[in-house]
Amino acid sequence: MSSFGLVSAQTQHMIGSMLSNEEYVEEFLGANRARLAEWHGAFTGGLGRVGIRCLRSSNAGLFVLMDLRRLLKEKIVEAETALWQVIINEVKLNFSSGSSFHYSESGWFRVCFANMDDETMEVALGRIRAFVAKNKEAMKPARKLCVQSILKLSFSGRICDEFIMSPRSPIPQSPLVRART
Ligand SMILES: C[S@@+](CC[C@H](N)C(=O)[O-])C[C@H]1O[C@@H](n2cnc3c(N)ncnc32)[C@H](O)[C@@H]1O
């Protein structure tokens, strides 16, 4: 809510009242959890149908880590950044490249599925489908692809805050793109 400005006193008061109502909060959290699970299933299912897998070792959260390693020309950060630029400029989807979170392996992209409504998700999946169709050869299943074992996150305490609070993008500002067509 505070992305673009300070939250007004009236809004803070209203949210405060809502959060003081335990019955409401419990109901809200339950509904929210169920909707997140539903969106996660719909999004990862849609990706799965076009041969894109996501890291499966988490069981909660707002994001998935999408495996686009096969679309890299080389397994290096520069190739990941080049792919990220194609995705944002041509496919018009705002994913975050793994290198901006210090992932140790190139080719992983973080996608937020929590803030998409059904229509937006359909549009996003449609664009991904079209993109994959254009890159059919690269997306052919590899003989043996191990999605789970290779990714390793490592960061020191010093960069922990930066890692969590301020994902560093390869370009200074990611445009906020809302999928429409
Ligand atoms: C860091 S932003 C993601 C921005 C951008 N789309 C990205 O992928 O980098 C996280 C989004 O998740 C939404 N969000 C946070 N908690 C949520 C929750 N419990 N349920 C649904 N959406 C939530 C926020 O409103 C925000 O839009």
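The notes below deal with the structure included here. On a predicted model such as this, the values are computed, not experimentally measured, just so you know. (Residues numbered from 1 in each chain as written. Predicted model: local features only at pLDDT ≥ 70, side-chain atom pairs only at ≥ 80, totals over all residues. Heavy atoms only, no water.)

1. Some points on the site of the ligand
So, point 1. Surrounding the ligand, one finds N32, L36, L62, F63, S96, R110, C112, A114 and N115.
So, point 2. A distance of 2.8 Å separates a nitrogen atom of the ligand from a polar atom in the side chain of N32.
So, point 3. Between N115 and the ligand, the recorded distance is 3.1 Å, taken from a side-chain N or O atom to an oxygen atom.
So, point 4. Here the ligand has 600 Å² of accessible area as a free molecule, and 55% of this is covered by the chains.
So, point 5. Residue assignment for the shell around the ligand shows that the elements contributing at least two residues are α2 (22-49) and β3 (108-112).
So, point 6. The residue inventory of the shell around the ligand, partitioned by class, reads 5 nonpolar, 3 polar and 1 charged. (Near = heavy atom within 4 Å. Polar contact = N/O pair within 3.5 Å; in protein donor to acceptor, adjacent residues only side chain to side chain. Areas by Shrake-Rupley, 256 points an atom, 1.4 Å probe, with all protein chains shown as cover. Helix = DSSP H or I, 4+ residues; strand = E, 2+ residues; numbered from the N terminus. Nonpolar A, V, L, I, M, F, W, Y, C, P; charged D, E, K, R; others polar.)

2. Notes on the state of the cysteines
So, point 1. Here the structure, examined in full by the defined rule, presents 0 disulfides.
So, point 2. Lacking any disulfide linkage, C112 is separated from the closest cysteine sulfur, that of C54, by 13 Å.
So, point 3. By relative accessible area, C112 is classed as partly exposed at 24%. (Disulfide = S-S within 2.5 Å. Buried < 20%, exposed > 50% of the residue type's maximum accessible area, 1.4 Å probe, protein only.)

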